[in-house]
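# Fold and contact review
Letter by letter, the chains look like this.
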Amino acid sequence: MAKILLTGATGYIGSHTAVELIQNGHEVLIIDNLSNSKIQALDGIKRITGIRPEFEQIDLRYKDQILDLLSRHKDIEGVIHFAAFKFVSESIQQPLKYYENNLFSSINLLSALSNYNKPISFVFSSSCTVYGIPDRLPVVEDMPMGEPTSPYGKTKMLSEYVIMDTVSQFPHIKAISLRYFNPIGAHPSLEIGESPLKTFNLVPILTEVAIGKRKEILVFGNDYPTPDGTPVRDYIYIQDLARAHVIAYERLKNKKNKKDYEYFNIGLGRGYSVLEVIKTFEKVSGRKINYRIVDRRPGDIAAIYADTKLANNELEWKPEHELEFMLKTAWEWEINKKF
Ligand code: NAD
Ligand code: WQD
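So, here's what we can say about the structure. Since the model is a prediction, treat every value here as computed from it, not as a measurement.

Moving on, we get to the overall build of the chain. Assigned secondary structure in the chain consists of eleven helices and 13 strands. Its C-alpha atoms give the chain a radius of gyration of 19 Å, within 12% of the compact-globule value 20 Å for 339 residues. Principal-axis analysis of the C-alpha atoms places the extent of the chain at approximately 55 × 45 × 40 Å. Counting all 339 residues of the chain, 58% fall into the buried class. Contacts in the chain between residues far apart in sequence, at least 24 positions, make up 81% of those at least 6 positions apart.

What the rule picks out here adds up to seven aromatic pairs. Ring centres of tyrosine 98 and tyrosine 152 lie 6.4 Å apart, and the angle between their planes is 85 degrees; this geometry places the pair in the edge-to-face category. With a gap of 54 residues between them, tyrosine 98 in helix α5 (residues 95-114) and tyrosine 152 in helix α6 (residues 151-169) connect regions that are remote in the sequence. The burial state of tyrosine 98 is the same as that of tyrosine 152; both residues are buried. On the basis of an interplanar angle of 80 degrees and a centroid distance of 5.2 Å, the ring pair of tyrosine 237 and phenylalanine 325 is categorised as edge-to-face. Residue tyrosine 237 is located in strand β10 (residues 235-237), and its partner phenylalanine 325 is located in helix α11 (residues 323-336); the two are separated by 88 residues in the primary sequence. The exposure class of tyrosine 237 is buried, given its relative accessible area of 0%. Cluster of aromatic residues (ring-pair linked, three or more members): Phe85, Tyr98 and Tyr152. For the cation-ring pair, lysine 97 lies above phenylalanine 85, with the distance from its terminal atom to the ring centre recorded as 4.9 Å.

All right, on to the site of ligand 2 then. The environment of ligand 2 is formed by 22 residues, the closest being Ser127, Tyr152, Leu218, Arg233 and Asp300. Taking asparagine 201, its side chain carries an N or O atom lying 3.1 Å from an oxygen atom of ligand 2. Between an oxygen atom of ligand 2 and a main-chain N or O atom of leucine 202, the distance comes to 2.8 Å. When ligand 2 is considered free in solution it has 670 Å² of accessible area, and contact with the protein chains removes 91% of it. Going through the elements one at a time, α7 (202-211) and β8 (217-220) are the ones with two or more residues in the shell around ligand 2. When grouped by side-chain class, the residues that make up the shell around ligand 2 number 15 nonpolar, four polar and three charged.

One turn of an α-helix holds 3.6 residues; hence residues three or four places apart share an orientation. Spanning twelve residues, helix α9 (residues 274-285) covers 16 Å between terminal C-alpha atoms, matching the ideal 16 Å at 1.5 Å per step. Within α9, burial applies to Val274, Leu275, Val277, Ile278, Thr280, Phe281, Glu282 and Ser285. Summarising the contacts, the buried residues of α9 are in contact with α7, β8, β10, β12 (272-273), β13 (291-294) and α11. Trailing α9 by a residue or two, glycine 286 shows a phi angle of about 70 degrees, which is positive.

Following both chains from N to C, one finds α9 and α11 inclined at 65 degrees, their axes separated by 9 Å at the closest point. Of the two possible hands of crossing, α9 and α11 adopt the one that is right-handed. Residues Val277, Thr280, Phe281, Lys283, Val284 and Ser285 of α9 lie in contact with α11, whose contacting residues are Leu323, Glu324, Leu327, Lys328 and Trp331. Residue classes in the contact of α9 with α11 are distributed as six nonpolar, two polar and three charged.

Here we come to the pattern of salt bridges. Within the structure shown, the criterion is met by 30 salt bridges. The residue glutamate 314 makes a salt bridge to arginine 251 at a minimum N-O spacing of 2.8 Å. Here the residue glutamate 314 occupies a position in helix α10 (residues 309-315), and arginine 251 occupies one in helix α8 (residues 238-253), the gap between them amounting to 63 residues. Overall, the relative accessible area of 25% leaves glutamate 314 in the partly exposed class. Close ionic contact of arginine 297 with aspartate 300 constitutes a salt bridge, the shortest N to O distance being 3.1 Å. Overall, aspartate 300 belongs to the buried group, its relative accessible area being 17%. Linked by salt bridges that have partners in common, Arg251, Lys258, Glu262 and Glu314 make up one network.

With that settled, the discussion passes to the sheet that holds strand β2 (residues 27-32). Taken in spatial order, the seven strands of this open sheet run β3-β2-β1-β4-β5-β6-β11, and their pairing is parallel. At either end of the open sheet lies a strand with only one pairing partner, and these are β3 (54-57) and β11 (261-266). Averaged over all neighbouring strand pairs, the angle between strand axes comes to 20 degrees, with direction disregarded. As judged from the four bridges shared by strand β4 (residues 76-81) and strand β5 (residues 120-127), these two strands associate in the parallel manner. Its bridge partner lying in β5, valine 79 is registered against phenylalanine 122.

Conventions adopted
Residues numbered from 1 in each chain as written. Chains lettered and ligands numbered in written order. Predicted model: local features only at pLDDT ≥ 70, side-chain atom pairs only at ≥ 80, totals over all residues. Heavy atoms only, no water. Helix = DSSP H or I, 4+ residues; strand = E, 2+ residues; numbered from the N terminus. Rg over C-alpha atoms; globule rule 2.2 N^0.38 Å. Buried < 20%, exposed > 50% of the residue type's maximum accessible area, 1.4 Å probe, protein only. Contact = heavy atoms within 4.5 Å. Phe/Tyr/Trp six-rings, centres within 6.5 Å; stacked < 30°, edge-to-face > 60°. Lys NZ or Arg CZ within 6 Å of the ring centre and 35° of its normal. Near = heavy atom within 4 Å. Polar contact = N/O pair within 3.5 Å; in protein donor to acceptor, adjacent residues only side chain to side chain. Areas by Shrake-Rupley, 256 points an atom, 1.4 Å probe, with all protein chains shown as cover. Nonpolar A, V, L, I, M, F, W, Y, C, P; charged D, E, K, R; others polar. Expected span 1.5 Å × (residues − 1). Axes fitted to C-alpha atoms, helices over the stretch in contact; angles between N-to-C directions. Left-handed = near helix turned anticlockwise from the far one by under 90°. Salt bridge = Lys/Arg side-chain N within 4 Å of Asp/Glu carboxyl O. Pairing = 2+ DSSP bridges.

Rendered as structure tokens:
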């Protein structure tokens, strides 16, 4: 059977996608350097699917490692490229770390695949940050990529260009970028969830405050031009996002794509402010959240949320879960965390 190579898939989004792929009859091979994830994610995948995916510890910054892997696996037909560093704020402080990891990884992977002698369906983890500071909302795919407000966002935009240009010269590679908004929540089985080695994201910090691992959450600014002054984001349930990858991969594999390179917004299609998220979390968890308003965080923008019509129509993908459910699973995962 053909294999799908998942890079960075002991991580949050990759592990949930691995489950959806396996449950849809696909075989996956996971590679990760474990810089922000734990090997126990594989046990969680096994507990849900009955299958422990094949795994190799590989660092994509080193091209020889990926060349060696591809020389040993001749049956790869798909690649879903999750591996990257992902924090907007950290990337401002450590730009070279982000450019090096995220760009070298994408370039090394595509360069190795450009010599692979099988058709490749390539799906890339892009981000809403590629739109920069949007001049209208919701953001639509036909709006140009803007100027991302952080090195992280720029690595996603540049990776999209690298993919676009590679695809145009190497006809055996067809690609889709999924521009995720803010994925949250855990698998409903609670066998896997968000379990990073470090985080700066809103929801995992919130759950840690609620359970007492942190004493408070800092809310970065309440003077934005939004209804309550705190930034507005589009939160998407992790399993809905994972499902979009299966659809994107199968679209390419079954030659249903309309162009060699396509890109889609994957979000809920509506925005919530930070304070709305905190209030909803308090409601579903029954815990009071200790928060403190502080200065704005560098790199943050006031508001962004997705127009998802293209994904709805072309991919026949629709999100199925609302904010309350997403936050409930995030909270239940925090209470029942297995790794
Ligand atoms: P994550 O940190 O949980 O997973 C990323 C994985 O990549 C980690 O397991 C990490 O160890 C691995 N990795 C990093 N550099 C690597 C390298 N050089 N070689 C091999 N493995 C490496 O993050 P996630 O939330 O699952 O994000 C997955 C992808 O989605 C990333 O590309 C991220 O930028 C993108 N994305 C995430 C979000 C989000 O909010 N979580 C939103 C938009 C886009
Ligand atoms: C959400 C909101 C913070 C932490 C970026 C990308 C997105 C995705 C996630 C990758 C913001 C506020 C947060 C805290 C807070 N990733 N916040 N206190 O930065 O919106 O999204 O990363 O591509 O695509 O755009 O995500 O979860 O860090 O923040 O007040 O301790 O919560 O200011 O408004 P972000 P986040």
